[in-house]
Amino acid sequence: AIIEDGGTAGNVVANRLSENPDHSVLVLEAGGSNAGVLDIIVPFFGPLATPNTPQDWNYTTAPQVGLNGRSVPYPRGFVLGGSSSVNYLVYSRGSKEDFDRFAKVTEDEGWSWDRLIPYQRKNERFSPPVDGHNTTGQFNPAVHGFHGINTVSLAGFPSPIDSRVFQTTTELEEFPFNLDYNSGLPIGVGWAQSTIKNGSRSSSATSYLAAEFVNRPNLHVLLHARVTRVLPSGLNAFHRVEFAQDTKGPRYTLTAKKEIILSAGTVGTASILMHSGIGNSSTLSALGIQPLHDLPCVGQEISDHDLLGLGWLVNSNSTTFETAAHNATLAAEQLAQWNNSRTGPLVDNPLSQIAWLRVPDNSSAFQQAGDSAAGPNSPHYELIFANGLLLDPPPTGNFFSIAALVVSPTSRGSITLSNNDPFSPPILNPSLLAPAWENYIIAPAYVNSSMTDAELDEFIRQNTGPGLHLAGSAKMSAKGADDGVVDPDLIVKGLSGLRIVDLSVAPFIISAHTQAAVYMIAERDADLIKQSWAGNKGKLVS
Ligand SMILES: Cc1cc2nc3c(=O)[nH]c(=O)nc-3n(C[C@H](O)[C@H](O)[C@H](O)COP(=O)(O)OP(=O)(O)OC[C@H]3O[C@@H](n4cnc5c(N)ncnc54)[C@H](O)[C@@H]3O)c2cc1C
């Protein structure tokens, strides 16, 4: 099999398929190695890994109507491990209802929460935090996997805001305590869980392609290999892939004996499909691309979360980010501590608690826009609490920050091509904050603001950016459905030899950060692939 590409999902599939020595697997990854890149490895530096770095695709969105016409950077991992190598490490699965909705629209119970639990466990190796503190009361062991491949942990360095955030849960009933937001019932305030192993990032590259796996003789990884197209191999069959190192270099072609598995992420997968002639035939013809398979849903109805970061000046000098940002000697000491013993403030990503919340049931937003969440136990918005101002704090002052995200958006955007050159970036329109509903959700988080509604609206539009969880450019739908791009087994509708395994297949964006969902999707589909290759449809082969 040829797997394009070595991202979050791609490496899962590569690992699982190469468990069988009879399967030969090649991973083609456009970016370079994740090894030795400090901003990737050190959890606290995660937000520095993008944007505009060598490991970022460096996309910029089209002007966003909801953001007063602003275009904003849209990072995606351009490196082995894909976005799992550059993300902010939050591990959140979403609600049970999110996945039960997947099962309903695809008419495949296999995508339901209950049926995905074994795949959560195959992925997750829940491990103690590096400082070895007593984690009783910080998570629910009953809902975690302890023997998987990808390490998940709680914070390993205490923060002065910890007790204050949880004090709120005893004082204000709209912020209830939730022992574990990864139970399928996320509503409330809980301890953040993150993809951290012994004080370093755990990505799909460090876990699923760890030495014991990547050294298998039947697993090959080719870096700096940019897939330009998938090519037909017969009537309605695509088993060939074309790739190149750069725009002027030669194009190479390889043929997969079994399948090509496209895992280039929501942006990359839609782009490759369309450059291959798979998409809306009339739009592709107009760009000079020969249409080969009419699938108008490719690149359509994508969605992302909206993120608004806010900071408050505080009368404390113990905020983690500013103390180091204002003091180069301290920053060097922290890095030395991390280097020497994998302890200290750099062992964590810069957040300790997360709240997943719903707009009150009596909000007028429901009358105007309906309920965008997957169900009554799924959040509309999220608050992330952090002990400092993320990125470039002012030269003086200490801050507390809250990032607010709309996690059940109604807005839908698109990915389209601007020309027929596979090396040109696509036109990326996540349609952030477009319908009024998104503002209704973000605004209640700040009801105490002294701003007028109009001023608040303007502030939100000027300061909101992407949640970076873009999903749904190659949606799965029920077999035989008129819409969608892939069937529930993730094979491209109407074709053989071509499967898509990444977040592009999500029929809805989930109400959580998305890497855990990608791991679940990939683990399940790896099993489906093994079943179909074994010609043994009823039985799991793993
Ligand atoms: C900055 C940032 C912060 C985030 N923070 C979080 C977080 O804290 N928690 C969370 O859960 N989620 C977070 N996310 C989102 C999450 O990481 C992604 O949803 C998830 O990793 C997507 O997985 P994927 O397999 O669909 O795509 P990716 O992991 O992006 O993988 C796609 C891979 O395909 C490669 N590729 C693309 N096109 C080609 C081509 N033409 N040829 C060859 N290779 C190609 C890419 O280089 C990449 O390696 C964040 C994302 C970003 C970018």
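Cut-off values and rules
Residues numbered from 1 in each chain as written. Predicted model: local features only at pLDDT ≥ 70, side-chain atom pairs only at ≥ 80, totals over all residues. Helix = DSSP H or I, 4+ residues; strand = E, 2+ residues; numbered from the N terminus. Rg over C-alpha atoms; globule rule 2.2 N^0.38 Å. Buried ≥ 20, exposed ≤ 12 C-beta atoms within 10 Å, placed from the backbone. Contact = placed C-beta atoms within 7 Å. Axes fitted to C-alpha atoms, helices over the stretch in contact; angles between N-to-C directions. Parallel < 35°, antiparallel > 145°, perpendicular 65-115°, else oblique. Nonpolar A, V, L, I, M, F, W, Y, C, P; charged D, E, K, R; others polar. Pairing = 2+ DSSP bridges. Near = placed C-beta within 6 Å. Core = buried A, V, L, I, M, F, W, Y, C linked by C-beta atoms within 7 Å. Expected span 1.5 Å × (residues − 1). Left-handed = near helix turned anticlockwise from the far one by under 90°.

**Things to note about the overall build of the protein**
Here's step 1: Counting its secondary structure elements, the protein contains 14 helices and 26 strands.
Here's step 2: For 542 residues, the compact-globule formula gives about 24 Å, and the C-alpha radius of gyration of the protein, at 22 Å, lands near that figure.
Here's step 3: Each principal axis of the C-alpha atoms in the protein carries an extent, and together these give about 70 × 55 × 45 Å.
Here's step 4: Considering the protein as a whole, with its 542 residues, one finds that 54% of them fall into the buried category.
Here's step 5: Summarising the internal contacts of the protein: among those between residues at least 6 apart in sequence, 70% fall at separations of at least 24.

**A look at the packing of helix H4 (residues 113–123) against helix H14 (residues 515–533)**
Here's step 1: Contact geometry of H4 with H14 gives a least axis separation of 8 Å together with a crossing angle of 105°. With respect to their mutual orientation, H4 and H14 come out roughly perpendicular. Between H4 and H14, the residues in contact are Leu116, Tyr119, Gln120, Lys122 and Asn123 and Tyr519, Met520, Glu523 and Arg524, respectively.
Here's step 2: Class assignment of the residues belonging to the contact of H4 with H14 gives a composition of four nonpolar, two polar and three charged.

**Quick word on the sheet that holds strand E24 (residues 427–429)**
Here's step 1: A sheet is described by the order of its strands in space; here three strands give the open sequence E18-E23-E24, paired in antiparallel fashion. For this open sheet the edge positions go to strand E18 (300–302) and E24, each flanked by a neighbour on one side alone. Strand-to-strand twist across the sheet, computed as the mean angle between neighbouring axes with direction ignored, equals 30°.
Here's step 2: Where strand E23 (residues 413–416) meets E24, three bridges bridge the pair, whose relative direction is antiparallel. Bridged to Ile415 within E24 is Leu428.

**Focus: the site of the ligand**
Here's step 1: Around the ligand, 40 residues are found, and the nearest of them are Gly7, Gly82, Gly265, Gly268 and His513.
Here's step 2: Elements with a minimum of two residues in the shell around the ligand: helix H1 (8–17), strand E12 (226–234), helix H7 (265–275) and H14.
Here's step 3: A class-by-class count of the residues in the shell around the ligand yields 16 nonpolar, 18 polar and six charged.

**Observations regarding the nonpolar core**
For soluble globular proteins, the rule of thumb is that nonpolar side chains tend to be buried together.
Here's step 1: Ranked by internal contacts, the top residues of the largest apolar core, which has 134 residues, are Val13, Ile260, Val298, Val486 and Ala522.
Here's step 2: The element contributing the most residues to this core is H14, with nine residues.
Here's step 3: When neighbours within four sequence positions are excluded, Val13 is seen to be in contact with Ile3, Ile261, Ser263, Val501, Ala522, Asp525 and Ala526.

**What about the sheet that holds strand E8 (residues 193–194)?**
Here's step 1: Pairing in this open sheet of three strands is mixed, and the strands run E5-E6-E8 from one edge to the other. Since the sheet does not close on itself, it has two edges, and those belong to strand E5 (124–127) and E8, each with one partner.
Here's step 2: Relative to strand E6 (residues 150–154), E5 runs parallel, the two being bridged by four bridges. Paired with Phe126 across the bridge in E6 is Val152.

**Describing helix H10 (residues 328–341)**
Here's step 1: For H10, which comprises 14 residues, the first-to-last C-alpha distance of 20 Å matches the rise-based estimate of 20 Å (1.5 Å per residue) to within 8%.
Here's step 2: Backbone geometry just after H10 places Arg342 at a positive phi near 50°.

**What about the pairing of E12?**
Here's step 1: Here E12 pairs with strand E13 (residues 237–244) via seven bridges, running antiparallel. Its bridge partner being in E13, Leu231 is matched across the sheet by Arg240.
Here's step 2: Counting the residues in the hairpin turn of E12 and E13 gives two residues, including Asn236, whose phi is positive at 50°.

**With respect to the pairing of strand E19 (residues 306–314)**
Here's step 1: Two elements, E19 and strand E22 (residues 398–406), share nine bridges in a ladder whose sense is antiparallel. When the sheet's bridge partners are listed, Asp306 is paired in E22 with Val406.
Here's step 2: In this sheet, strand E25 (residues 464–466) lies alongside E19 in antiparallel orientation, the contact comprising three bridges. Its bridge partner being in E25, Leu308 is matched across the sheet by Thr464.

**Structural notes on the packing of H1 against H14**
Here's step 1: Axis separation between H1 and H14 bottoms out at 9 Å; the angle between their running directions is 30°. Two packed elements cross with a definite hand, and for H1 against H14 that hand is right-handed. Where H1 approaches H14, its residues Thr8, Ala9, Val12, Val13, Arg16 and Leu17 are matched on the opposing element by Gln515, Val518, Tyr519, Ile521, Ala522, Glu523, Asp525, Ala526 and Ile529.
Here's step 2: Here the contact of H1 with H14 is composed, by residue class, of ten nonpolar, two polar and three charged.

**A closer look at the environment of Leu292**
Here's step 1: Mapped onto the elements of the fold, Leu292 is located in the loop between helix H8 (281–286) and strand E17 (293–294).
Here's step 2: Contact partners of Leu292, with chain neighbours within four places excluded, come to Pro232, Ser276, Gly277 and Ile278.

**Overview of unusual backbone geometry**
Here's step 1: Between Thr50 and the following residue, Pro51, the backbone shows a cis peptide bond with an omega angle of -10°.
Here's step 2: Looking at where Pro51 falls in the secondary structure, it is placed in the loop between helix H2 (38–41) and strand E3 (59–60).
Here's step 3: Phi is positive for Glu107, close to 55°, though the residue is something other than glycine.
Here's step 4: Unlike most non-glycine residues, Leu433 shows phi in positive territory, near 50°.
Here's step 5: Turning to its location among the elements, Leu433 is positioned in the loop between E24 and helix H12 (436–442).
Here's step 6: With 27 C-beta atoms packed within 10 Å, Leu433 lands in the buried category.

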